[in-house]
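Listed below are the residues making up each chain.
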Amino acid sequence: MRTATVLTLVSLALLAIPLVAPAYYVTLMLPFMAYGVVLLGLNLLFGYTGLVSFGHALFIGIGAYTGAVLTSRFGVRQMELILPAAALAAAVVAAPVGALCVRYVKIYFGMLTLAFGMVFYTFLLKFYKLTGGDEGMRMLRPSLLGSEWAGFSKTAYLVGPYYYFSLAVLVLATLLMWRIVRSPFGLCLKTIRENQVKAESLGVSVPLYRWYAFMVSAVYAAVGGALLATPTGNVDPTLAYWTHSGNIVFMVLLGGFSSFFGPLLGAFVFIFLQDTVMSVFPYWRLIFGAVLAFIVIFAPGGLMGLFARPRPVEVSRG
Amino acid sequence: MTANLVNILMGGVFHAAILFLVAAGLQVVFGVQKIFNLACGSFYALGAYTGVSAVAYFTGHGGPPALFIIPLALGGLAVGLVGVIVERGLLRFVYDRDETFQLLLTFALVLMLEDLIRMTWGTAPVSTGGLYLSYGQAKILGATVPVYNLLVIAASLVIAFGIGWLLTRTAFGRIIRASADNREMAEALGVDMRWVYVRVFTLGSMLGTLGGALVIPATAAMSEMGIELIVEAFAVVVIGGLGSMRGAFVGALVVGILRSVAISVYPELEMLLIYLIVIGVLLWRPRGLFGTAAA
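Every chain begins its residue count from 1, and numbering advances along the sequence as written. Going through the entries in the order they are written, you letter the chains from A and number the ligands from 1. With pLDDT at 70 or above as the cut-off, local features in this predicted model cover only qualifying residues; side-chain atom pairs require 80 or more to be listed or tallied, and sums for whole chains, interfaces and linings still use all residues.

What am I meant to see in the overall build of chain B here?
Along its length, chain B carries 12 helices and two strands. We count a stretch as a helix when DSSP gives it H or I for four or more residues in a row; a strand needs E for two or more, and each element gets its number in order from the N terminus. Each helix (α) and strand (β) of chain B, taken in turn from the N terminus, gives the series α-α-α-α-α-β-β-α-α-α-α-α-α-α. Throughout, the radius of gyration refers to the C-alpha atoms, and the reference size of a globule is 2.2 Å times the residue count to the power 0.38. Rg of the C-alpha trace for chain B: 19 Å, near the compact-globule value of 19 Å for 295 residues, within the 12% margin. When the backbone C-alpha atoms are referred to their principal axes, chain B occupies close to 55 × 50 × 35 Å. With C-beta atoms placed from the backbone, a residue is labelled by how many other C-beta atoms lie within 10 Å of its own: buried for 20 or more, exposed for 12 or fewer, partly exposed between the two. For chain B, buried positions account for 52% of its 295 residues. Across chain B, the fraction of contacts at a sequence separation of at least 24, relative to all contacts at a separation of at least 6, is 76%. Placing C-beta atoms from the backbone, we regard two residues as in contact once those atoms come within 7 Å.

Would you explain the overall build of chain A in this entry?
The helix and strand tally for chain A stands at 15 helices and two strands. Whereas a compact globule of 318 residues would reach a radius of gyration of roughly 20 Å, chain A reaches 19 Å, a difference of no more than 12%. Within chain A, buried positions represent 48% of all 318 residues. Considering only contacts within chain A whose residues lie at least 6 apart along the sequence, 79% involve residues at least 24 apart.

So what exactly am I meant to see when it comes to the environment of A:A95 here?
When you line up the elements, A:A95 lands in helix α4 (residues 79-101). Along the sequence, A:A95 and A:N234 sit 139 residues apart, while their C-alpha atoms lie 27 Å from each other.

Could you clarify how one ought to interpret the nonpolar core in this entry?
When a protein is soluble and globular, its nonpolar side chains tend to lie buried together. In terms of nonpolar packing, the biggest core is built from 212 residues, with A:A222 and A:V223 touching the most fellow members. Counting residues per element, this core draws most heavily on helix α1 (residues 2-33) of chain B, at 17 residues. When near neighbours in sequence (up to four residues on either side) are disregarded, A:A222 contacts A:F59, A:I62, A:G63, A:T66, A:A86, A:A87, A:A89 and A:A90. Think of a nonpolar core as buried Ala, Val, Leu, Ile, Met, Phe, Trp, Tyr and Cys residues chained together by C-beta atoms that fall within 7 Å.

Just to check I follow, could you spell out unusual backbone geometry for this structure?
Excluding glycine, a negative phi dihedral is what most residues carry, and trans is how most peptide bonds are arranged. The backbone phi angle of A:W149 is positive, close to 55 degrees, even though this residue is not glycine. Position of A:W149 relative to the elements: it lies in the loop between β1 (137-138) and α7 (154-182).

What am I meant to see in the interface of chain A and chain B here?
With 34 residues of chain A in contact, the opposing surface of chain B contributes 35 residues. Of all the secondary structure elements, the ones that give two or more residues to the side of chain A that touches chain B are α5 (106-126), α11 (242-255) and α13 (284-298) of chain A. If you tally residues by element for the side of chain A that touches chain B, the top one is α5(A), at 14 residues.

So what exactly am I meant to see when it comes to the environment of A:G262 here?
Residue and element names in this part refer to chain A. One can find G262 in helix α12 (residues 262-280). For the pair G262 and L303, spaced 41 residues apart in sequence, the C-alpha separation works out to 7.3 Å. Those residues in contact with G262, other than ones at most four positions away along the chain, are G255, G256, F257, G302 and M304.

Before we go on, may I ask you to explain the environment of A:A240 in this structure?
Residues and elements named next belong to chain A. Looking at the secondary structure, you find A240 in the loop between β2 (234-235) and α11. Under the C-beta neighbour-count criterion, A240 is labelled buried, with 29 such atoms within 10 Å. Spatially, the C-alpha atoms of A240 and G61 are 5.0 Å apart, while their sequence positions differ by 179 residues.

Is there a simple way to explain helix α8 (residues 184-194) of chain A in this structure?
Residue and element names in this part refer to chain A. All buried positions along α8 are accounted for by C188, L189 and I192. Each buried residue of α8 sits inside an arc of 100 degrees when the element is viewed along its axis, so together they form one side. Away from its buried face by more than 90 degrees, α8 exposes P184 and E194. To obtain the arc, one takes the directions from the helix axis to the C-beta atoms.

Just checking my understanding: could you explain the confidence of the model for chain B for this structure?
For any part of a model where pLDDT is low, the fine detail of the predicted coordinates should not be relied upon. Confidence scores labelled pLDDT are given residue by residue by the predictor and lie between 0 and 100. Across chain B, pLDDT averages 88, with 99% of residues at or above 70. Scored as a complex, the prediction yields pTM 0.90 and ipTM 0.89.

Structure representation (structure tokens):
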């Protein structure tokens, strides 16, 4: 019941933010929601399947570049077309990449995903004519629900229609992921993480299930990447760089990988903490590195792990 | 034609000499502590910046420019002692954890060191100025090669043989190999694993910082140089095989020379080619050319 109350409050707050909060903080919510979608997918791989990808920014890059190519090269401005196109592009790439990567686990999986991520990064950087090289490409303002929102200034567009559009995508992505992890499919993934041999002996095809999880997480990352591109207005190769992959794993760990909503909390805290730290001290990586080290050593359950601790007491009371 | 070929080859071997040092540091740490140290590139950057400062201090206090290689190497080696702090302060807490967390801890180190370098040396590239060619140039089959490059290649070879000697011929080397092979057994036989880990990790970080210091006369130190090098060092150890010194040697030559050839033939391919080879090796032979541990 407590979860339901918290969720209702959070949803109401999310709906009300553009009405009450200063525009600056509303625009900070946009990358949060985009990363939220990315992390929901990443955690299916990390938290639920036990595979840590150090190349997942590859799919963020694919999503973002799909948006940029469609809007600035092909004149396709409808976000309702861009998102499925980003998902499709990611699926096409993830199918072979995933099939190769899921044959390995642990450090080898991490290395292989890192290598694939860097292949895409180098491609974006070096094939200047196709991708714009290190300057990247412009992501033009997409239309939402068939309207150009022509009368809106850039900020008004972002804190108004685009905010609610992103929120709707995040809510849909969350509901879908909730269904996925509660389904027999999600349970199989957890079984594989906990005990691979047992899962195999129960007739679960381990590589196939890992591949499914990889595909889903890639599609989520691309949708999030496309959402991320609009507020920035420009996409560049660093989106696919390996440190970006590391940062999103960091976000998941910060929030708590063993909890469904942990990654969303992680994205929220990461974005707002980064903004706060950067406004007083330019070297945010130093602080964040220390935070990450602290979490790894002392609180591997992340922020959700800290909240979750009192729970056994409540259960015994009820 | 030959001159051009020799130029490309020597450029590649110089790069390989540097890569070998960093990759050897990565290997020795992975071999014994089973930690894939993403921060080895950051040690490399740290060594580079320290090298620049050490040389500037040396020449600024009247040291003869011709001897700049001495403060350069000493500075690079000295800053490698930061490995003691890193091992005792961070890594020792996670030896019995899942390797995901170990990897993420070294990633935390990457983030911290990158900004520590920016705080200390600023964001603009720094270099040792015109000292690079102070040893002159040598003519090899019609090609002109800076003597400094030859010195670095020789130094790297000496270090490679030194490590080989250390691992196979000394008591400490036997302890390292025993610990890499079977940690519990080594501990049961009375090896103080804490000391082995401190020393091995410091050895690894010193190899990285020395590599960074030695490369710097030929280029300029930039704050991103660490995170860029780690992916190359990573390619070296994947091709050579995780944990193998011989693998680091061969892998460094492969990556160094291929990169040099690709840059002069078809620059767009540069790193792309190397990552494709990495993927090929991981798929066809995940333990690499000389590795023993399979996936």
